Amino acid sequence: MTTDRLDQPRRVRRGIRPHYDPEALGRFSERFARFLGTARFLAYMTVFITVWLLWNSVAPDGLVFDPYPFIFLTLLLSLQASYAAPLILLAQNRQADRDRVQGEQDRTANERNQAEVEYLTREIAGLRMGLGELATRDYLRSELERLIEEVGASPDGQGRQGAGPGEV
């Protein structure tokens, strides 16, 4: 009688199913799918099938291993296709997963950038409002000229123009 105790780890069960590394299989499927989509693969397959057909059509009867309906060639091509389709789908699923993760990262970065742009926009608006309250050079110059004219037109007639250092 076995009871599952929470304070002890479970025993490792050896199953009859083979163990495989899904990541290694995924990498293999991507390389395989990448190779199937090349002109090199098409050239290799074309040469292989051409040699097969020529050999089994032109060779003497004793050397022919797949006569005219080429059933063995059909079997090999079907086998290749039956393995290629799931491997290509696995590679596409992995690419879709990577694209989804990349899309999520892009959305996060875009949200962060949008928040930064809004913050900078508010800061610039605040600076503009602050600059609007500051006196400009032209305003200060006109005020100084006005003060100089007022002092020059003081009631005693001398104003501050004749005052020396230390005098008020």
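None of the values given here were measured: they were computed from a predicted structure.

Let's talk about the overall build of the protein
Argument step 1. Looking only at helices and strands, one finds four helices and zero strands in the protein.
Argument step 2. Starting at the N terminus and walking to the C terminus, you meet the elements of the protein as α-α-α-α.
Argument step 3. A burial count over the protein gives 10% of its 168 residues as buried.
Argument step 4. Taking all contacts inside the protein whose residues are at least 6 apart in sequence as the whole, residues at least 24 apart take part in 53%.
Argument step 5. As displayed, the protein offers around 15,200 Å² of accessible surface, 60% of which is attributable to carbon and sulfur atoms.

A short note on a nonpolar patch on the surface
Argument step 1. Taken together, the side chains of Trp-55, Leu-63, Phe-65, Phe-72 and Leu-75 make up a nonpolar region of the molecular surface, amounting to roughly 510 Å² of accessible area.
Argument step 2. Residue placement: Leu-75 occurs in helix α3 (residues 71-133).

Some thoughts on α3
Owing to its 3.6 residues per turn, the α-helix aligns residues three or four sequence positions apart on the same side.
Argument step 1. Between its terminal C-alpha atoms α3 stretches 91 Å, which fits the 93 Å expected from 63 residues at 1.5 Å a residue.
Argument step 2. Three or more residues of α3 are buried, namely Leu-73, Ala-84, Leu-87, Ala-91 and Arg-94.
Argument step 3. Buried-residue contacts for α3 involve α1 (22-36) and α2 (39-58).

Considering the UniProt feature "transmembrane region" (unreviewed entry) in the protein
Argument step 1. The feature "transmembrane region" (unreviewed entry), as given by UniProt, occupies residues 35-55 and 67-90 in the numbering adopted here.
Argument step 2. What you have in residues 67-90 is 83% helix and 0% strand, and the ends, taken at the C-alpha atoms, are 36 Å apart.

Details of the pattern of salt bridges
Argument step 1. Within the structure shown, the criterion is met by eight salt bridges.
Argument step 2. One salt bridge connects Arg-98 with Glu-30, and the closest N-O pair in it is separated by 2.8 Å. Residue Arg-98 is found in helix α3, and its partner Glu-30 is found in helix α1; the two are separated by 68 residues along the sequence.
Argument step 3. Judged by relative accessible area, which is 38%, Arg-98 ranks as partly exposed.
Argument step 4. Glu-30 sits in the buried class, given a relative accessible area of 11%.
Argument step 5. Salt-bridge contacts for Glu-150 lead to Arg-146; the nearest nitrogen and oxygen are separated by 2.5 Å.

Observations regarding the packing of α1 against α3
Argument step 1. Two elements in contact, α1 and α3, have axes whose closest approach is 8 Å; the angle formed by their N-to-C orientations is 110°. By the angle between their directions, the pair α1 and α3 is classed as roughly perpendicular. Seen from α1, the contacting residues are Glu-23, Leu-25, Gly-26, Arg-27, Phe-28, Ser-29, Glu-30, Phe-32, Ala-33 and Leu-36; seen from α3, they are Gln-80, Ala-84, Leu-87, Ile-88, Leu-90, Ala-91, Arg-94 and Arg-98.
Argument step 2. Of the residues belonging to the contact of α1 with α3, the class tally is 10 nonpolar, three polar and five charged.

Digging into the confidence of the model for the protein
Argument step 1. Put simply, the protein has an average pLDDT of 85, and 89% of its residues get 70 or more.
Argument step 2. Averaged over each element, pLDDT in the protein is lowest for α1 (88) and highest for α2 (93).

A few points about unusual backbone geometry
For residues that are not glycine, phi is negative in most cases, and the peptide bond is trans in most cases.
Argument step 1. Positive phi, close to 50°, is recorded for Phe-70, a residue that is not glycine.
Argument step 2. Note on placement: Phe-70 falls in the loop between α2 and α3.

Some words on the side chain of Ser-29
Argument step 1. Within the secondary structure, Ser-29 is located in helix α1.
Argument step 2. Ignoring any residue separated from it by four or fewer positions in sequence, one finds Ser-29 in contact with Leu-87, Leu-90, Ala-91 and Arg-94.

Overview of α1
Argument step 1. When the terminal C-alpha atoms of α1 are compared, their 21 Å separation across 15 residues agrees well with the 21 Å that a helix rising 1.5 Å per residue should span.
Argument step 2. Those residues of α1 not exposed but buried are Gly-26, Ser-29, Glu-30 and Leu-36. Down the axis of α1, the buried set is contained in an arc of 130°. They therefore lie on one face.
Argument step 3. Where α1 is buried, its residues touch α2 and α3.

Cut-offs used in this document
- Residues numbered from 1 in each chain as written.
- Predicted model: local features only at pLDDT ≥ 70, side-chain atom pairs only at ≥ 80, totals over all residues.
- Heavy atoms only, no water.
- Helix = DSSP H or I, 4+ residues; strand = E, 2+ residues; numbered from the N terminus.
- Buried < 20%, exposed > 50% of the residue type's maximum accessible area, 1.4 Å probe, protein only.
- Contact = heavy atoms within 4.5 Å.
- Areas by Shrake-Rupley, 256 points an atom, 1.4 Å probe, with all protein chains shown as cover.
- Patch = residues over 30% accessible without salt bridge, like charges linked within 9 Å, V, L, I, M, F, W, Y side chains within 5 Å.
- Salt bridge = Lys/Arg side-chain N within 4 Å of Asp/Glu carboxyl O.
- Expected span 1.5 Å × (residues − 1).
- UniProt positions renumbered as here; feature names shortened; annotations may be inferred.
- Axes fitted to C-alpha atoms, helices over the stretch in contact; angles between N-to-C directions.
- Parallel < 35°, antiparallel > 145°, perpendicular 65-115°, else oblique.
- Nonpolar A, V, L, I, M, F, W, Y, C, P; charged D, E, K, R; others polar.
- pLDDT = per-residue confidence, 0-100.
- Arc of directions from axis to C-beta.

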